[in-house]
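Coordinates in review
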Amino acid sequence: MNERDALRALAADLPHAGDDAAVVGDTVITTDMLHERTDFPPGTTRYTAGWRAVGASLSDVAAMGAQATAAVAVYADAAFDEEKLDRFVAGAVDVCEAVDAEYVGGDLDTHDEFTTASTAVGDATDAGVVTRSGARPGDALCVTGEWGRSAAALRLFKRETDEAGDGEAVERANDLFRFTPRVADGLALADRATAMMDSSDGLARSLHQLAEASEVGFTLDPERLPVHPAVDAVAEGPADRFELAAHFGEDFELVCAVPEEAIEPAREACPGGLTRVGRVVDAADGVTADGEPLPDRGYTHGSE
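First, a word on what this report is: a plain description of the structure on this page. (Residues numbered from 1 in each chain as written. Predicted model: local features only at pLDDT ≥ 70, side-chain atom pairs only at ≥ 80, totals over all residues. Heavy atoms only, no water.)

Now for the pairing of strand β7 (residues 195–198). Going residue by residue along β7, you find Ala195 and Met197 tucked away on one face and Met196 and Asp198 tucked away on the opposite face as well. By the bridge criterion, 4 bridges tie β7 to strand β9 (residues 254–258) in an arrangement that is antiparallel. Note on β9: the bridge partner recorded for Asp198 is Leu254. (Buried < 20%, exposed > 50% of the residue type's maximum accessible area, 1.4 Å probe, protein only. Helix = DSSP H or I, 4+ residues; strand = E, 2+ residues; numbered from the N terminus. Pairing = 2+ DSSP bridges.)

Right under this line is the structure:
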């Protein structure tokens with residue numbers, strides 16, 4: 001079974017599972033694991049790996065509308081290299097500082113490949129947390145930031161490997177891989193969004209997950225989707241451009257439903273930018289883009 005099927009199988013015993021993070025009292029907590037073979041292409045620096053691994057967990061805190069406070073990580077490798085370890089920690093520290101959180105330590109272990117597991121914690125605000133299950137027909141479908149940066153990075157990593165370039169492509173790829181978790185945007189949306197999640201699995205898959213949790217449908221206007229400029233440099237035409245932006249995943253932007261009357265205040269309050277890209281519809285209408293069914297395709301751990 002794949003990751004989503006496994007989560008459904010666990011739902012009976014873990015009724016609170018299913019959102020981006022767990023909530024214990026006023027504390028939000030989440031954990032992630034990344035592997036060299038599946039998550040860090042050749043050319044990924046340890047600084048980028050530290051930033052990205054911890055950033056992935058901080059993004060889950062953001063998706064709950066909580067203030068990130070701290071993070072820890074496990075660093076495992078076949079052998080410990082002092083410079084690589086130092087650079088990993090530097091990346092973890094810097095991404096925490098970017099969202100006013102603190103990197104407070106972790107664990108070291110050995111493994112047959114470079115692997116990291118990160119945990120982030122945060123505090124719920126007076127507005128409470130935002131789950132995936134509150135979207136209502138008539139709400140606007142909104143997203144933060146720009147989409148496709150991770151897909152563009154992967155193409156650039158591959159270009160450097162295939163063409164043995166001068167390092168410019170891999171440097172740009174590392175830069176694209178170091179995203180800023182949308183903690184400030186999540187806080188701005190905490191008392192405005194009716195449902196929210198981060199886009200680690202891709203926009204299309206996120207919409208299907210939100211639709212399932214909220215028992216609604218979504219209609220997406222692809223022309224409104226803000227695509228990162230780096231995608232245009234690597235995409236092979238309009239269809240590929242949309243594929244990279246909507247289906248690849250790993251962009252760690254926020255996807256949310258916002259009532260009509262809250263759109264403008266939310267847009268003004270989101271430092272990462274907030275774009276209306278569609279609307280929430282009845283569940284019977286499904287998840288569509290330009291009136292056609294939007295495939296539930298994106299990033300998933302495990303077999304399809």
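Anyway, onward from the coordinates.
Along helix α10 (residues 238–246), the residues classified as buried are Asp240, Leu244, Ala245 and Ala246. As for α10, its buried residues are in contact with α5 (149–163), α8 (203–214) and α9 (229–234). (Contact = heavy atoms within 4.5 Å.)

In the structure shown here, the tally under the stated rule is 15 salt bridges. Ionic pairing is found between Asp139 and Arg136, a salt bridge with its closest N-O pair at 3.8 Å. Exposure remark for Asp139: the relative accessible area of 4% places this residue in the buried category. Given a relative accessible area of 43%, Arg136 falls into the partly exposed group. Of the charged contacts in the structure, one is a salt bridge between Arg192 and Asp191, with a shortest N-O distance of 3.8 Å. For Asp191, a relative accessible area of 55% puts it in the exposed group. (Salt bridge = Lys/Arg side-chain N within 4 Å of Asp/Glu carboxyl O.)

A regular strand places its side chains on the two faces of the sheet in alternate fashion. Burial within β9 is extensive, with 5 of its 5 residues counted as buried. Residue alternation in β9 divides its side chains into two sets, Leu254, Cys256 and Val258 and Val255 and Ala257, and both sets are buried.

Turning our eyes to something else, we now look at a negative patch on the surface. A surface patch of negative charge is lined by Asp81, Glu82, Glu83 and Asp86. Locating Glu82 in the fold gives a position in helix α4 (residues 82–98). For Glu82, a relative accessible area of 63% translates into the label exposed. (Patch = residues over 30% accessible without salt bridge, like charges linked within 9 Å, V, L, I, M, F, W, Y side chains within 5 Å. Areas by Shrake-Rupley, 256 points an atom, 1.4 Å probe, with all protein chains shown as cover. Lys, Arg positive; Asp, Glu negative; His and termini not counted. Charge placed at Lys NZ, Arg CZ, Asp CG, Glu CD.)

By the secondary structure assignment, Arg46 is in helix α3 (residues 46–63). When near neighbours in sequence (up to four residues on either side) are disregarded, Arg46 contacts Glu36, Tyr75, Asp77, Lys84, Arg87, Phe88 and Phe114.

Its location among the elements puts Val28 in strand β2 (residues 27–35). Since its relative accessible area comes to 0%, Val28 is described here as buried. Expressed as a C-alpha distance, the spacing of Val28 and Val129, which sit 101 residues apart in the sequence, is 8.6 Å.

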